[in-house]
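Reading the structure
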Amino acid sequence: MRRLLRFIGHRLYTTWSTFWFVLPFFVTYPLQLILARQPRWHRHLHTINRIWSTSAVWMWGMPVTVVHKKPLPDNQPCVYVSNHSSYIDIPVLFKVLPGFLNIVGKSSLAKTPLWGPIFGKTYITVNRESAVSRGRSMVQARKSLEEGRSVILFPEGTISKKPAEEMAPFKDGAFQLAIAAGVPIVPITMPLNHRFMPDVGGIRVRYTPLRVVVHEPIPTQGLTQADAEELKNRVFAIIASEFIPEAAGLPEPTPYYRPKQKEKAAALPTGEEASQDNRKSTLHVPNS
């Protein structure tokens, strides 16, 4: 009975969470299509995305603890860099971080049905396998910072294979960008997102209180591109310092509930006995 109740509970919570993530998008979709047409309207579109993210997280019923090590700079754009562990990383960051944000996401996001074209017009996409695409995305990100719009990057480039345990090596782009633009770089740790919705090739949702640590901004004024490697290693260590060892690993799938079946082993020959029976059967079949 306990397995059955657990199975039903997980299915109901997954359905509830998916519904409240999808519903705000469909309600606002016509307005998002209109606002995506003109860059001067993108600020309002981002506000809708923030409301969408905030309402979804609220309806999931999960407490989100946000720790600010130091206040964020006033009236100055930043480069936010975070570990990448879950499908909900972007909504959580949209909920937590203030201001009109830009984000560098993989180009495949722009190909998802309905939301993809809106994302592609409003934010920055990059094909990490293409040097041309990477260069273009950094130019767009630099322009965004010059316009006063902070940028979010995931320096791992993809969701970690061992979230909250090991991060993939960081790529250089975020750190070169911050130095070139002379803006602070802000490390962010999200150590529990993968416990709520892991990257498992499907939808697996588990109720999990979340935690977001916004670390002290690191100034980059006076640094040169020769300092990018040291800055990258420093940020890597800062983000990893807030991982929670006991939260490592992905939540297990819910075992499908099956009532116990009666034992039938006694009636079924196995192994060597089955082979002997087959041989006997073959010997007793008359030739035709």
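Reading the values: rules and limits
- Residues numbered from 1 in each chain as written.
- Predicted model: local features only at pLDDT ≥ 70, side-chain atom pairs only at ≥ 80, totals over all residues.
- Heavy atoms only, no water.
- Helix = DSSP H or I, 4+ residues; strand = E, 2+ residues; numbered from the N terminus.
- Buried < 20%, exposed > 50% of the residue type's maximum accessible area, 1.4 Å probe, protein only.
- Contact = heavy atoms within 4.5 Å.
- Areas by Shrake-Rupley, 256 points an atom, 1.4 Å probe, with all protein chains shown as cover.
- Patch = residues over 30% accessible without salt bridge, like charges linked within 9 Å, V, L, I, M, F, W, Y side chains within 5 Å.
- Salt bridge = Lys/Arg side-chain N within 4 Å of Asp/Glu carboxyl O.
- Axes fitted to C-alpha atoms, helices over the stretch in contact; angles between N-to-C directions.
- Parallel < 35°, antiparallel > 145°, perpendicular 65-115°, else oblique.
- Left-handed = near helix turned anticlockwise from the far one by under 90°.
- Lys, Arg positive; Asp, Glu negative; His and termini not counted.
- Polar contact = N/O pair within 3.5 Å; in protein donor to acceptor, adjacent residues only side chain to side chain.
- Expected span 1.5 Å × (residues − 1).
- Arc of directions from axis to C-beta.

1. Considerations on the overall build of the chain
Of regular secondary structure, the chain possesses nine helices and seven strands. The 288 residues of the chain split such that 42% are buried. Counting contacts in the chain only where the partners sit at least 6 residues apart, residues at least 24 apart contribute 76% of the total. Of the accessible surface of the chain, which amounts to about 16,400 Å², a share of 57% is contributed by carbon and sulfur atoms.

2. Structural notes on a nonpolar patch on the surface
On the surface, a nonpolar cluster with roughly 270 Å² of combined accessible area is contributed by Phe19, Leu23 and Val27. Looking at the element boundaries, Leu23 is found in helix 1 (residues 2–35).

3. Details of the packing of helix 6 (residues 173–181) against helix 8 (residues 228–240)
Taken N-terminus to C-terminus, the directions of helix 6 and helix 8 make an angle of 120 degrees; their axes are 9 Å apart at the nearest point. By the angle between their axes, helix 6 is oblique relative to helix 8. Crossing angle aside, the handedness with which helix 6 passes helix 8 is right-handed. Contacts from Phe175, Gln176 and Ile179 in helix 6 reach Ala228, Leu231, Lys232 and Val235 in helix 8.

4. Looking at the side chain of Asp89
Relative to the helices and strands, Asp89 is located in helix 3 (residues 89–96). Buried charge without a salt bridge: Asp89, with Lys106 as the nearest opposite-charge side chain at an N-O distance of 10 Å. Engagement of the side chain of Asp89 in a polar contact is seen with the side chain of His84, the distance being 2.6 Å. At a separation of 2.7 Å, a polar atom in the side chain of Asp89 contacts the main-chain amide nitrogen of Ser85. Once residues lying within four places of it in the same chain are set aside, the contact partners of Asp89 are Asn83, His84, Phe154, Met190 and Asn193.

5. Some thoughts on the environment of Ile124
Note that Ile124 resides in strand 4 (residues 124–126). With 28 residues separating them along the chain, Ile124 and Ile152 place their C-alpha atoms 9.9 Å apart. Sequence-distant contacts of Ile124, that is, excluding residues within four places in its chain, are made with Asn102, Ile103, Val104, Gly105, Phe119, Ser137, Gln140 and Ala141.

6. What to know about helix 5 (residues 131–146)
Spanning 16 residues, helix 5 covers 23 Å between terminal C-alpha atoms, matching the ideal 22 Å at 1.5 Å per step. Residues of helix 5 that are buried: Ser133, Ser137, Ala141, Ser144 and Leu145. End-on view of helix 5: buried residues confined to an arc of 110 degrees, all on one side of the axis. Turned more than 90 degrees from where helix 5 packs its buried face, Ala131, Val132, Val139, Lys143 and Glu146 sit exposed. Structurally, helix 5 contributes buried residues whose contacts are with strand 2 (79–82), strand 3 (102–106), strand 4, strand 5 (151–153) and helix 6.

7. What to know about the pattern of salt bridges
When their charged atoms lie close together, side chains carrying opposite charge are able to pair. Counted by the stated rule, this structure contains seven salt bridges. Ionic pairing is found between Glu146 and Arg142, a salt bridge with its closest N-O pair at 3.3 Å. Of this pair, Glu146 and Arg142 both sit in helix 5, four residues apart, which is roughly one turn of that helix. Accessibility expressed as a relative area gives 58% for Glu146, which makes it exposed. With relative accessibility at 31%, the residue Arg142 sits in the partly exposed group. In this structure, the salt-bridge partner of Glu166 is Lys162, at a minimum N-O distance of 3.9 Å. Using a relative accessible area of 40% as the deciding quantity, one classes Lys162 as partly exposed. What emerges from the salt-bridge pattern is a single network uniting Lys69, Arg211 and Glu242.

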